[in-house]
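Spelled out from the first residue to the last, the chains are:
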Amino acid sequence: MVTADVPDYGIVGGNPARLVRTRYSAEDVARLLAVAWWDWPAEHITEHVRTIMSGSIADPEAAAPAAGP
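Notes on the structure in this doc start here. Because the structure is a prediction, the values reported are computed rather than measured.

**Here we look at the overall build of the protein chain**
Right, so step 1: Helices and strands together make up the secondary structure of the protein chain, namely four helices and two strands.
Right, so step 2: Beginning at the N terminus, the succession of helices and strands in the protein chain can be written as β-β-α-α-α-α.
Right, so step 3: Here the C-alpha radius of gyration of the protein chain, 15 Å, is well above what a compact globule of 69 residues would show, namely 11 Å.
Right, so step 4: Along the three orthogonal principal directions, the C-alpha set of the protein chain runs to about 45 × 25 × 20 Å.
Right, so step 5: When burial is assessed residue by residue, the protein chain has 19% of its 69 residues classed as buried.
Right, so step 6: Of all intrachain contacts in the protein chain linking residues separated by at least 6 positions in sequence, the fraction that spans at least 24 positions is 25%.
Right, so step 7: Accessible surface for the protein chain amounts to roughly 5,200 Å². Of this, 55% is attributable to carbon and sulfur atoms.
Right, so step 8: Charge-centre separation for the protein chain: the mean point of 5 positive side chains lies 12 Å from the mean point of 9 negative side chains.

Spelled out as structure tokens, the structure:
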């Protein structure tokens, strides 16, 4: 049972749930949150789904859509 917020990319376990570890370092979590692939247009996500799922952080950064004016 999760009774509190879980940090971004945190892994919890147990009952009640406790933070076991984080999936990435704090620096990498900040990079992933900056990429915010979940806010990309659906077509762009579809085109780059394998890149997003690659496990690498640099790949989605490189595939991010260009910022608008």
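Now that the structure has been shown, we can carry on.
**Some details on the pairing of strand β1 (residues 10-13)**
Right, so step 1: Note: β1 against strand β2 (residues 18-22), four bridges, orientation antiparallel. Paired with Gly10 across the bridge in β2 is Thr22.
Right, so step 2: From the end of β1 to the start of β2, which pair antiparallel, there are four residues, and Gly14 there has a positive phi angle of about 95 degrees.

**Topic: a nonpolar patch on the surface**
Right, so step 1: The grouping of Val2, Val6, Val12 and Leu19 at the surface amounts to a nonpolar patch, some 300 Å² of accessible area in total.
Right, so step 2: By secondary structure assignment, the location of Val2 is in the segment before β1.

**Observations concerning the environment of Gly10**
Right, so step 1: Secondary-structure assignment places Gly10 in strand β1.
Right, so step 2: Residue Gly10 is classed as partly exposed on the basis of its relative accessible area of 22%.
Right, so step 3: As for Gly10 and Val49, which are separated by 39 residues in sequence, their C-alpha atoms are 22 Å apart.
Right, so step 4: In contact with Gly10, other than residues within four places in its own chain, are Leu19, Arg21 and Thr22.

About the thresholds
- Residues numbered from 1 in each chain as written.
- Predicted model: local features only at pLDDT ≥ 70, side-chain atom pairs only at ≥ 80, totals over all residues.
- Heavy atoms only, no water.
- Helix = DSSP H or I, 4+ residues; strand = E, 2+ residues; numbered from the N terminus.
- Rg over C-alpha atoms; globule rule 2.2 N^0.38 Å.
- Buried < 20%, exposed > 50% of the residue type's maximum accessible area, 1.4 Å probe, protein only.
- Contact = heavy atoms within 4.5 Å.
- Areas by Shrake-Rupley, 256 points an atom, 1.4 Å probe, with all protein chains shown as cover.
- Lys, Arg positive; Asp, Glu negative; His and termini not counted.
- Charge placed at Lys NZ, Arg CZ, Asp CG, Glu CD.
- Pairing = 2+ DSSP bridges.
- Patch = residues over 30% accessible without salt bridge, like charges linked within 9 Å, V, L, I, M, F, W, Y side chains within 5 Å.
- Salt bridge = Lys/Arg side-chain N within 4 Å of Asp/Glu carboxyl O.

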